[in-house]
Amino acid sequence: MTNHSISLPSPAKLNLFLHITGRRNDGYHELQTIFQFINVCDQLDFTTTNDALVHILPAIKGVPLEENLIYKAAQALKPFAKNEAFGANISLKKRLPMGGGIGGGSSNAATTLLALNQLWQCDLSTDALANIGRHLGADVPVFVRGNAAFAEGIGELLTPVEPETPFYLLVKPDCHVATGQIFADKYLTRDTPPIRIAHALKLSGQNDCLEVVKKHNPEVNEAFEWLQDYGDVKLTGTGACLFIAYNTIEDAERVRASVPKKWQTWVCQGCNVSPTHLALNQWIKKQKSLRLNSELSKPDE
Ligand SMILES: C[C@@](CO)(OP(=O)(O)O)[C@H](O)COP(=O)(O)OP(=O)(O)OC[C@H]1O[C@@H](n2ccc(N)nc2=O)[C@H](O)[C@@H]1O
Ligand SMILES: Nc1ncnc2c1ncn2[C@@H]1O[C@H](COP(=O)(O)OP(=O)(O)O)[C@@H](O)[C@H]1O
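None of these values were measured; they are calculated from a predicted model.

Colleague: Could you clarify how one ought to interpret the overall build of the protein in this entry?
Modeller: A tally of helices and strands in the protein yields 10 helices and 10 strands. For the protein, the C-alpha radius of gyration of 20 Å lies close to 19 Å, the compact-globule estimate for 301 residues. Projected onto the principal axes, the alpha-carbon positions of the protein cover approximately 75 × 45 × 40 Å. Out of the 301 residues belonging to the protein, those deemed buried represent 42%. For the protein, contacts bridging at least 24 residues in sequence account for 75% of all contacts bridging at least 6.

The following block contains the structure:
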């Protein structure tokens, strides 16, 4: 019997560096970045229903259902469901802070596309899912594809890469960065020369948004100054989260213990394959073996 439920982790990402190389005619900025996943995750549980509706519990405070990226992803996939009566009950354990530059919303959208593609028997390819994801947010495709990647364009042109996978201390200053405000600042660096992929893996992690983010968000500035004594501090995305790479988990934990309690902290590790895909592949394998067993146990006709 086919299982009609699936539980998947929905991980955060880091931008190991972020260059802004230009601005398009529509105002969007062209970037070069490396996305790497980390093993800090939300958890999403999906169960198929036959009422054609999508329920999400609990609601995210401050995010109406129609704006929740989980709901938007489900609605975008609905026309491809094998049966139009298919709906879903989705439960969300939210652990990733919003507006932190670690992509929790985009990750949730991608996890939803991947899960419901299976449960609703849409049978869409990864390319097709990434294309749907692109319209939900610039960072959704990398979470759909599930490989650490060098990204260009506005984040949709992806080449898989395998950067080192150190331990990270991740720190969230107590503020919410408005991405639009950062990209609208006239002092933002927008003319970093484009680099080649081989060069990208050797970079030390410059983020062109850093100075503008610090200017608009004194909390990020304060955390950045504090952390500088403990390693090479980097900003992910447009922030607010900052991170430092360490060779051992003990080093990361030692620094974490002394971080002021007003900032949220995590110790985690870089992952070049998304935890969503590891769990999804296990689930697919299990479904195949369940199907095989049920066929073998059918009486001969
Ligand atoms: C720059 C990144 C890197 O990961 O930052 P984070 O969101 O992770 O911090 C993302 O690609 C962010 O993409 P996305 O999350 O889709 O951006 P949004 O919040 O929709 O962007 C808000 C606004 O910022 C501007 N914007 C955004 C992305 C971009 N490449 N150029 C832009 O100029 C646009 O004006 C847009 O309306
Ligand atoms: N399921 C979701 N999880 C997180 N944020 C969501 C979700 N759905 C919609 N959003 C909206 O998307 C915004 C960006 O969220 P998120 O991707 O977590 O941050 P960032 O882009 O800074 O990494 C949030 O501030 C919130 O308003």
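Next comes the rest of the description.
Colleague: I keep staring at the pairing of strand S3 (residues 54-57) and nothing clicks. Help me out?
Modeller: Walk down a regular strand and you will see the side chains alternate between the two sheet faces. Because side chains alternate across S3, one face comprises the buried residues Val54 and Ile56, and the other comprises His55 and Leu57, none of which is buried. Where S3 and strand S4 (residues 87-93) come together, 4 bridges link them in parallel fashion. Looking across to S4, one finds that isoleucine 56 is bridged to isoleucine 90. Handedness of the crossover is the feature at issue here: the chain leaves S3, passes through helix H1 (residues 69-77), returns alongside S4, and the resulting connection is left-handed.

Colleague: I would appreciate a short explanation of the confidence of the model for the protein in the present structure.
Modeller: Averaged over all residues, the pLDDT of the protein equals 95, while 98% of them reach at least 70. Taken over the whole predicted complex, pTM reads 0.96, whereas the ipTM for its chain interfaces reads 0.96.

Colleague: What is the right way to read the site of ligand 1 from this model?
Modeller: Taken together, 17 residues form the shell around ligand 1, and within it His29, Gly101, Ala138, Phe183 and Gly237 come nearest. Among the elements of the structure, strand S2 (29-49) and helix H5 (179-184) are those that each provide at least two residues to the shell around ligand 1. Looking at the shell around ligand 1 element by element, the count peaks at 3 residues for H5. For the shell around ligand 1, the class distribution of residues is 5 nonpolar, 11 polar and 1 charged.

Thresholds applied
Residues numbered from 1 in each chain as written. Chains lettered and ligands numbered in written order. Predicted model: local features only at pLDDT ≥ 70, side-chain atom pairs only at ≥ 80, totals over all residues. Helix = DSSP H or I, 4+ residues; strand = E, 2+ residues; numbered from the N terminus. Rg over C-alpha atoms; globule rule 2.2 N^0.38 Å. Buried ≥ 20, exposed ≤ 12 C-beta atoms within 10 Å, placed from the backbone. Contact = placed C-beta atoms within 7 Å. Pairing = 2+ DSSP bridges. Right-handed = clockwise from strand over helix to strand, strands pointing away. pLDDT = per-residue confidence, 0-100. Near = placed C-beta within 6 Å. Nonpolar A, V, L, I, M, F, W, Y, C, P; charged D, E, K, R; others polar.

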